Amino acid sequence: MSKPSLPEGWSSRSLASLGQYENGFAFNDQHWSEEGLPIVRIAQITGSQEIVDRFAGQLPDKFRLASGDMIFSWSGTLAVVRWDGGPAWLNQHLFKVTSASDVDDGFMFHVLSDSVAEFDKRAHGSTMKHIKRGELAEYSVGVPDDPKEQSKIAEVLDTLDAAIRGTEAVVAKLKAMKQGLLHDLLTRGIDANGDLRPPHTEAPHLYKETPLGWLPKEWDVLPLGEITRELAQGWSPDCPSEEALADEWGVLKTTAVVWQGYQAHENKRLTMGLKPRPHLQVEARDILITRAGPSSRVAVVAYVPETRDKLMISDKLYRLRVHQRHNPGYVSLALGSTAVQREISKTISGMAESQTNISQATLKPLPTPLPSQPEQDFIAETITAQSQKITEEEQLLKKLRLQKSGLMDDLLTGRVSVAPLLEEGAGHGA
């Protein structure tokens, strides 16, 4: 597929002409061992599985990988990665890519990465996607004739990639910190000085045994029904799939309630001619719980910090409102805790994993840990602050990914030139 309107100094070249594509070795169970170099399959380059098998023998160097080698997965999952796992053997259905002498390795990597989406559209095979080697000769891309220009394009995109990886690492770290905070705050809480209580193993005299395990002596454990002033179930009329406009009534889908938080946009527009039921409308400070569905989607809890008007809960959702003396943000966290979820799991009914539910009758007696209101407030505020940090970094990550997507399109077609950067570098060199 040719790229039109290439700038001066660029040529249209097939992917096949940009390098060599060496297929991996067809390993089978006779080759597998617990010793030797690891065998790299698609699962290893996508990160979905650690190294499973090794090969202790010897093969031609064309099948051997080293850190920095480029791998192109052409069957099953289409992907391009730089291998960073050290010496290894390459399995079949993967190409080891070696750039041509006049093609920069970094540029080659980004060209192939940019081509994956197009390959995905035209991939053969109904159950397993794959491309044929001949298609690499048919697919053309624009390439700067000057290797320095290729290198500079790769440098710009590599810089963005590094920023994306760094931000992904920050998000992962913040999420891990949040999980640790949740566990500590929901099992130990804070003392009168605002510090985390020492764990039960270090200060057993500060704790008491409860149906939810060891909790601080100052805490109550009450049935959920005693702390709620309302537990309502919604309505599921037949609605079109599109989202309701701002001035229209909508019915929330179960996907509006996820562990990441309340998703107001996950709703269906109420069918014309049907009268809304305002008493089922969701309001700020509500707690929503999924009532029915696959087992993994039952008893998911989300707090509603704010919401638009005219959104109703569906029949598969519960809306819970607590008494004024309790912090609903804290209660939602408590309901999502490991201990409380374990109690809920004992009450889930249904004949199949895909059709399970929880009833109001089983929710009301649910043991719920309750510290003092100031402690509830502190716990809710601490987790909210941590969640806000995660949201900010995720927004930055989304911005960086969009920026890279746009830059790839601009730089790999020559629409935006890196010549000024080359001139700037030459000026510094002088």
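Criteria and cut-off values
- All residue numbers refer to position in the chain's written sequence, counted from 1.
- pLDDT decides what is reported in this predicted model: residues at 70 or higher carry local features, side-chain atom pairs at 80 or more are listed and counted, and totals for whole chains, interfaces and linings draw on all residues regardless.
- Working from all heavy atoms in the structure, the side-chain values ignore hydrogens and water.
- Each nonpolar core is a collection of buried residues, namely Ala, Val, Leu, Ile, Met, Phe, Trp, Tyr and Cys, held together in the definition by side-chain atoms within 4.5 Å.
- Here's how the labels work: a residue is buried when its accessible area is under 20% of the maximum for its type, exposed when over 50%, partly exposed in between, all with a 1.4 Å probe on protein chains only.
- Helix numbering and strand numbering both begin at the N terminus, where a helix is a DSSP run of H or I of at least 4 residues and a strand a DSSP run of E of at least 2.
- When checking whether two residues touch, look at their non-hydrogen atoms; a contact exists if any pair is within 4.5 Å.
- The pairing criterion for strands is at least two bridges between them, as found by DSSP.
- Inter-axis angles, ranging from 0 to 180 degrees, are taken between N-to-C directions of lines fitted to C-alpha atoms, where helices are fitted over the stretch in contact.
- Roughly parallel refers to an angle under 35 degrees, roughly antiparallel to one over 145, roughly perpendicular to one between 65 and 115, and oblique to any angle outside these ranges.
- All residues other than Ala, Val, Leu, Ile, Met, Phe, Trp, Tyr, Cys, Pro, Asp, Glu, Lys and Arg, Gly among them, are scored as polar; the first ten of these are nonpolar and the last four charged.
- A carboxyl oxygen of Asp or Glu within 4 Å of a side-chain nitrogen of Lys or Arg is what we treat as a salt bridge.

Asker: Give me the nonpolar core: which residues, what numbers.
Answerer: Grouped together as the largest cluster of nonpolar side chains are 33 residues, with contacts concentrated most on Ile287, Ile289, Leu320, Tyr330, Leu335, Ile358 and Leu363. Taken together, the elements giving at least two residues each to this core come down to helix H4 (147–187), helix H5 (224–227), strand S19 (287–290), strand S23 (317–322), helix H6 (328–335), helix H7 (338–345) and helix H9 (373–411). Non-local contacts of Tyr330, meaning those with residues more than four positions away in its chain, are made with Leu186, Trp219, Pro369, Leu370, Pro371, Gln376, Ile379 and Ala380. In this structure, Val80, Val97, Met108 and Leu411 belong to the second largest nonpolar core, which totals 30 residues.

Asker: Can you explain the pairing of strand S9 (residues 94–99)? Please cite residues and give values.
Answerer: Two faces make up the sheet, and in a regular strand the side chains alternate between them. Taken across its six residues, S9 has five buried, putting it largely inside the fold. Sheet analysis places strand S2 (residues 19–23) next to S9, joined by five bridges and oriented antiparallel. Residue pairing in the sheet places Asn23 in a bridge with Phe95 of S9. One ladder, built from four bridges, connects strand S6 (residues 70–73) with S9; its direction is antiparallel. Paired with Met70 across the bridge in S9 is Val97.

Asker: Residues and numbers for the sheet that holds S19, please.
Answerer: Spatially, the four strands line up as an open sheet ordered S14-S23-S19-S21, and their pairing is antiparallel. Here the strands that pair on one side only, and so sit at the sheet edges, are strand S14 (228–233) and strand S21 (301–303). Each neighbouring strand pair of the sheet contributes to a mean axis angle of 20°, computed without reference to strand direction. Here S19 pairs with S23 via four bridges, running antiparallel. Bridge assignment links Ile289 to a residue of S23, and that residue is Tyr318.

Asker: Tell me what's going on with the pairing of strand S26 (residues 367–370), and back it up with residues and numbers.
Answerer: With burial as the criterion, each face of S26 is covered, one bearing Pro367 and Pro369 and the other bearing Thr368 and Leu370. As defined by bridge partners, strand S13 (residues 220–223) adjoins S26 across four bridges and the pair is classed as antiparallel. Bridge pairing links Val221 to Pro369 in S26.

Asker: So what's going on with the packing of H6 against H9? Which residues, and what values?
Answerer: Running from amino to carboxyl end, H6 crosses H9 at an angle of 75°, the nearest separation of the two axes being 8 Å. Taken together, the axes of H6 and H9 are roughly perpendicular relative to one another. Here Gly329, Tyr330 and Leu333 of H6 lie close against H9, whose contacting residues are Gln376, Ile379, Ala380 and Ile383. Of the residues belonging to the contact of H6 with H9, the class tally is five nonpolar, two polar and no charged.

Asker: Residues and numbers for the pattern of salt bridges, please.
Answerer: Note on pairing: side chains with opposite charge can pair once their charged atoms come close. Going through the model one piece at a time under the given rule, you end up with 21 salt bridges. Here Glu22 and Lys62 are joined by a salt bridge, their closest N and O atoms 3.9 Å apart. Note that Glu22 is positioned in strand S2 and Lys62 in the loop between strand S4 (54–55) and strand S5 (64–65), a separation of 40 residues in sequence. A residue is classified by how much of its surface remains accessible, and Glu22, at 30% relative accessible area, is partly exposed. Lys62 gets classed as partly exposed once you look at its relative accessible area, which sits at 40%. We note a salt bridge from Arg401 to Glu168, for which the minimum N-O separation is 2.7 Å. With Arg401 in helix H9 and Glu168 in helix H4, the pair connects residues that are 233 residues apart, well separated along the chain.

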